[in-house]
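Breakdown of the fold
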Amino acid sequence: MSAIHQVLLAGSSASYQIQNSLRFRASNSAYLSRTSGASPTDQKKVTYSTWMKAAPSLFSGTQVGIVSSSANNGIIGWNLASGAGRIFVRNDATNDINFAGLFRDPSAWGHLVIAVDTTQATAADRVKVYWNGVAMTYVSGSYPTQNSNTYLNAASTAYRIMSDTVNGTYLDGYIANFYMIDGQALTPSSFGQTDATTGVWVPKAYSGTFGTNGFFLQFKDAASTTTIGYDTSGNSNNFTTSGISVTAGGTFDQSLDTPTLNYPVISPLNSQSVVSITEAGMASNYGGASNTGTCIVSVPFPTTGKWYYEHTCLAVGAYDYFCGVFLNKSIAGNAGNIVVPGTSSNEYAYRHTGSKMIAGVVSAYGSSYTANDVIGVAFDATNLTIEFFKNNVSQGQLTGMPSGEYIAFTQQYGGGSTRINFGQRPFAYTPPSNFKALNTANLSVPTIKKPSLYMDATLRTGTGATASVSSLGFQPDLVWTKSRSAATNNNLFDSVRGVQNGIVSNSTAIEYADANTLTSFNSNGYTYGSDASSRGVNINTNTYVDWVWKKGVTPGFDIVTWTADGTSPRNISHSLGAVPKFIVTKQRSPNAENWFTYHAELGATKNLRLDEAIAAQTQIGAWNDTAPTSTQFTTGNFANFTTNGNTLVAYLWSEVAGFSRFGSYVGTASADGPFVWCGFRPRWIMIKDATAANLDWRIYDTVRETYNEMGGGLEAGDAAAENYATSVRAIDVLSNGFKIRVSASGLNGSGVTFVFAAFAEAPFKYARAR
C-alpha cells in the first residue's frame, strides 16, 4: 500500500489489519447474491459477522437487508419505517425481533454479529445481536420456537447481501470481513477483541471452522466483478455481484476504507438538506435551480501536516460551483458546530469560472473547469497555504490563511453534482511531494489514547451502608454523584478539599462536612459511607450515576482552593500549564453564594452560574474582563471573591485534543439540528443555553444511555431525577461528536447560542460508530 495512504498504526496494540472493503452504491442497485448448498451443517444454528460503515436511518425505504433470503423469509436488516433505523432479525418468515439503537453515524466503522441457536431453552438466547462486541437490548418481537429451522441458514435458498429481496431497497455503505458460520452460534470474541491500549473494539482473525455453507468475503481480488465476490474460507461459496464496478475511476468499488484505516466521506449530518448524498458518501447531487447546496466532509484536517484530496466536477450548477476548504469556526466564535461557509467565514475555494473565493470575495485566479475535470487540492496546514490543480496543472498557491481547523467542502447554486476522493480509491493524479491522504492512520497519535484512564462515568445502586466503587482505571480527584431515580442533590467531592467534604452544584449552600458521605479516594475508585444524614449519595435502593475525573497536566484538569484577602482584582495561580477553557468556582464558606462559571466561547466579560438556568451575564465582577492564562485566572470584585476570609474552590479544565472539547453551537429550531464536531466519541456532555434561560446545565453520558437516541438528561442546577421527555431525548452521540435531534428551545432554539463541555470515550482516530 502506498505510503501516502497509510502509516504505521502507532499507539495501538492491534496487529490485525483489514486491507479492503467493498462499497455498495444504492444508486446503482448494488448487492451480492448466492444460492446456498443443499445440506447445511445445522439449520438451527448460524452466525453472521461483518464490519460496516453505513447510516441506514438516513436513507428512505421500509427496510434494508444486510442479509436476506428469498421472499425475505429470513432477513437481518434495518427497520427504517417503524423502527427508525433499528436492527431487526427475521428468522422464521413471519416474526421480527427488534433491537435497540438507532444507527445514524456515517463517519466510522462498527462491528455487527448475529448469532442464532434455536435449540436454546430460553427464548432470548435463541437470537443474539452484538454491536462492537456488546449485546444489544431486545425491544420487541417474537423469538423463534425452540428447535425450529432458521431461514438464515436454509438449504438451496437464494440469498442477498446489502439488499432486501422483496422491497428492492439498497444501501449506500461499505462492508468488510463478512463471515457466515454454518452450524455454530458464536460470540463476537471469535471475530474481534478489545484493544488493550485504546479500550476500543478491533478486528481479529477468525480461527474456527465454517461449516458447509459458511463463507468469508474479504474483497481482495479486484481483477473482475467475479473475483471480487470470492469466498476465501476454502469452501468456494462465491458470490455474484450486481451493480458493483472494478473499473478504474470514480465508480471503482473496492476500497481502502476499512475498520483499521478509516477515511472521510461527505457527511449527511452537517450538509444542507437540499444535498442528496450518494455513492456511500463519495458523491452528492445538489438541489434545483433556486437552491444553494453545500456538502461538508466528516473529518476536518489536522492543524499541522500536508494533505491532498481530489474533487471531480460531475456537473456544474446553473450558477456556481465552488470547491475548497473553510475554517471550522464562525466569525462569532462557534468552535463546536461546523458552520456552512459564506461571507462571514474564512473559506478558500476555487470557482468553476476560474476565479477564487476568499471569505466571500471573488477575484481572478486560474482556468475555468467543467464536467469531468478533476480538481486536486493540496492543503498545507502547517504553513497555511492551499494550492488547487486542474487536471494536475497548478492554478497557483493561496497564502495568508488564518490558523485554525479547516474542513473540505463543495458548494453549488442551481443544481449540479460532485464526487470526492480522499484516497480510499486510487487518486487520478500523483499528489505533490510529502502530501498525505487524510485517514485515521495518518492522524497524529493522541496524548490520551484511552480516556477512561482520566475520566469516566459509572453506575451503582445505593445500599445505605458502606460501599465501594472499584471499577475505575485510576484514582479519582473529583467525584460528582447524582441519583437517577430520585430528586436528590448533585454532590461533588474532591481530593483537594478532602474526603467527607461535599458541595452541591444545584444550590448556593456552603460546603458541608459529613462522615457518612465519600470516605476515601482509592487506587481504582472510591468509598461511600452509610449516608445516614440523607445527603443523597448512598440512599438504599436509589440508582446513581457517578462522573469522575483525574487531575493533572495530561488530562487538563486542576483543582484550586484559596482564601479571599480583600484584593480585587486578584490573580489565582493554577497548574494546568495551558489556558483553561472552562472554570467553575464556588464559595465554600462562610456564606451561601452562586457558582460562577467561565466558558471560553463567551469570554471573560461573561459569567454563567452552574446552579441556575439564567443566561450569560455581562459582569466585570466575575473575571475582571481578563482572560485566563496558562498560569493563572483572574477574579473580580464580587463580594464572594473579595470578602476577607472567604474560602473558595475552582475546578479548571484546559482543552486536550481527542479528550476534551469546550465549544458552542447555534440552534436551528429543526429536528435535524446542529452537528457538533468534537474530535472524539463523547462519554460525557454538558450543555447550557447561554442566550436565554431555557435550559439548565443538562448532562448526558453513555453509561446511562448506551444507544442513540440519547435521553435521560440530568441537570447540574436541579435536584430532579432523570428526565426522558421528548424534548430532552435529543442527542445522538457519534464517533466524531454529537448531533442535536430535537427542535425544542432548551437545546436548539433558533439563533440561540449554546455552550458545552464534552469528554471522550474514544479519540476519533480509534472510535467506532455508535
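Summarised in this report is the structure supplied together with it. Sequence order as written defines residue numbering, which begins from 1 separately in each chain. Thresholds applied to this predicted model are a pLDDT of at least 70 for local features of residues and 80 or more for the giving and counting of side-chain atom pairs; totals over whole chains, interfaces and linings are not thresholded and use all residues. Just so you know, side-chain values use all the structure's heavy atoms and leave hydrogens and water out.

**Section: the nonpolar core**
- Note on terminology: a nonpolar core comprises buried Ala, Val, Leu, Ile, Met, Phe, Trp, Tyr and Cys residues joined through side-chain atoms within 4.5 Å. For every residue, the accessible area (1.4 Å probe, protein chains only) is compared with the maximum for its type, and the residue is labelled buried under 20%, exposed over 50%, or partly exposed between those bounds. Phe-301, Ile-386, Tyr-406 and Phe-422 are the most contacted members of the largest nonpolar core, which totals 56 residues.
- Put simply, DSSP marks the helices as runs of H or I at least four residues long and the strands as runs of E at least two long, and each gets a number from the N terminus on. Looking at this core, the elements with two or more residues in it are strand 21 (292-296), strand 22 (306-315), strand 23 (320-327), strand 24 (347-351), strand 27 (374-380), strand 28 (385-390), strand 30 (406-413) and strand 50 (675-677).
- With 6 residues, the top contributor of residues to this core is strand 23.
- If we skip the residues at most four places from it in the chain, Phe-422 touches Tyr-263, Pro-264, Val-297, Phe-301, Tyr-309, Ala-408, Phe-427, Ala-437 and Leu-438. We call two residues in contact when some of their heavy atoms are within 4.5 Å.

**A look at the packing of aromatic side chains**
- To pair, rings of Phe, Tyr and Trp, with the six-membered ring standing in for Trp, must have centres within 6.5 Å; the planes then decide the type, stacked if under 30 degrees apart, edge-to-face if over 60, and tilted in the middle. Under the counting rule described, the total for this entry stands at 54 aromatic pairs.
- On the basis of an interplanar angle of 75 degrees and a centroid distance of 6.4 Å, the ring pair of Tyr-48 and Phe-178 is categorised as edge-to-face. You can see Tyr-48 sitting in strand 3 (residues 45-53) and its partner Phe-178 sitting in strand 13 (residues 173-182), a full 130 residues away along the chain.
- We classify Phe-178 as buried; its relative accessible area is 1%.

**A look at the sheet that holds strand 7 (residues 96-99)**
- Within the open sheet, the 8 strands sit side by side as 11-7-6-5-4-12-2-17. Their pairing is antiparallel. In this open sheet, the two strands that pair with only one neighbour each are strand 11 (138-141) and strand 17 (240-242). Between one strand axis and the next, the sheet turns through 25 degrees on average, direction left out of account. A pair of strands is considered paired only if DSSP assigns at least 2 bridges between the two. Every axis corresponds to a line fitted to the C-alpha atoms, with the helix fit spanning only the stretch in contact, and the corresponding angles, defined between N-to-C directions, vary from 0 to 180 degrees.

**So, the side chain of Asn-607**
- Positionally, Asn-607 belongs in strand 45 (residues 606-609).
- The class of Asn-607 is buried, set by a relative accessible area of 0%.
- A distance of 3.1 Å separates a polar side-chain atom of Asn-607 from the backbone nitrogen of Thr-597.
- With near-sequence residues (within four places) excluded, Asn-607 lies in contact with Phe-596, Thr-597, Ala-615, Ala-616, Gln-617, Gln-619, Ala-622, Trp-623 and Phe-638. The term polar contact refers here to a pair of N or O atoms within 3.5 Å; inside protein, the definition further demands a hydrogen-donor-capable atom paired with an acceptor-capable atom, and it admits residues adjacent in sequence only when both atoms are side-chain atoms.

**Thoughts on the pairing of strand 29 (residues 393-398)**
- As paired strands, strand 28 and strand 29 are joined by 4 bridges and run antiparallel to one another. Paired with Glu-387 across the bridge in strand 29 is Gln-397.
- Hairpin connection of strand 28 to strand 29: 2 residues between the antiparallel strands, including Asn-391 at a positive phi of 50 degrees.

**Looking at unusual backbone geometry**
- The amide bond that connects Ser-568 to the next residue, Pro-569, takes the cis arrangement and shows omega of -5 degrees.
- Between Asn-708 and Glu-709 the backbone carries a cis peptide bond, its omega angle lying at 10 degrees.
- Summarising the element assignment, Glu-709 is placed in the loop between strand 52 (698-701) and strand 53 (714-715).
- Backbone geometry places Met-162, a non-glycine residue, at a positive phi of 70 degrees.
- By the element assignment, Met-162 lies in the loop between strand 12 (158-161) and strand 13.
- Take Met-162: its relative accessible area is 0%, and that puts it in the buried class.
- Even without glycine at this site, Glu-279 takes up a positive phi of about 55 degrees.

**A few points about the environment of Leu-459**
- In this structure, Leu-459 sits in strand 32 (residues 455-461).
- With a relative accessible area of 35%, Leu-459 lands in the partly exposed category.
- Residues Leu-459 and Val-703, 244 residues apart in the sequence, show an inter-C-alpha distance of 7.2 Å.
- Contact partners of Leu-459, with chain neighbours within four places excluded, come to Arg-484, Tyr-544, Val-545, Val-703 and Arg-704.

**A closer look at the pattern of salt bridges**
- We define a salt bridge as a side-chain nitrogen of Lys or Arg found within 4 Å of a carboxyl oxygen belonging to Asp or Glu. All told, the structure shown has 28 salt bridges when counted by the stated rule.
- Linking Arg-419 and Glu-279 is a salt bridge whose minimum nitrogen-to-oxygen distance equals 2.9 Å. Taken together, the residues Arg-419 in strand 31 (residues 417-421) and Glu-279 in the loop between strand 19 (276-278) and strand 20 (283-285) connect sequence positions 140 residues apart.
- Judged by relative accessible area, which is 12%, Arg-419 ranks as buried.
- Linked by salt bridges that have partners in common, Arg-23, Arg-25, Asp-253, Glu-279 and Arg-419 make up one network.

**Quick notes on the sheet that holds strand 20**
- With antiparallel pairing, 7 strands are arranged side by side in an open sheet as 19-20-31-22-27-28-29. Two strands in the sheet have a free side with no partner beyond their single neighbour: strand 19 and strand 29. Each strand of the sheet is rotated relative to its neighbour by a mean of 20 degrees, with strand direction disregarded.
- Of the strand pairs in this sheet, strand 20 and strand 31 are connected by 3 bridges, and their pairing is antiparallel. Bridging across to strand 31, Asn-285 finds its partner in Ser-417.

All quantities given are derived from atomic positions and should not be read as evidence of function.
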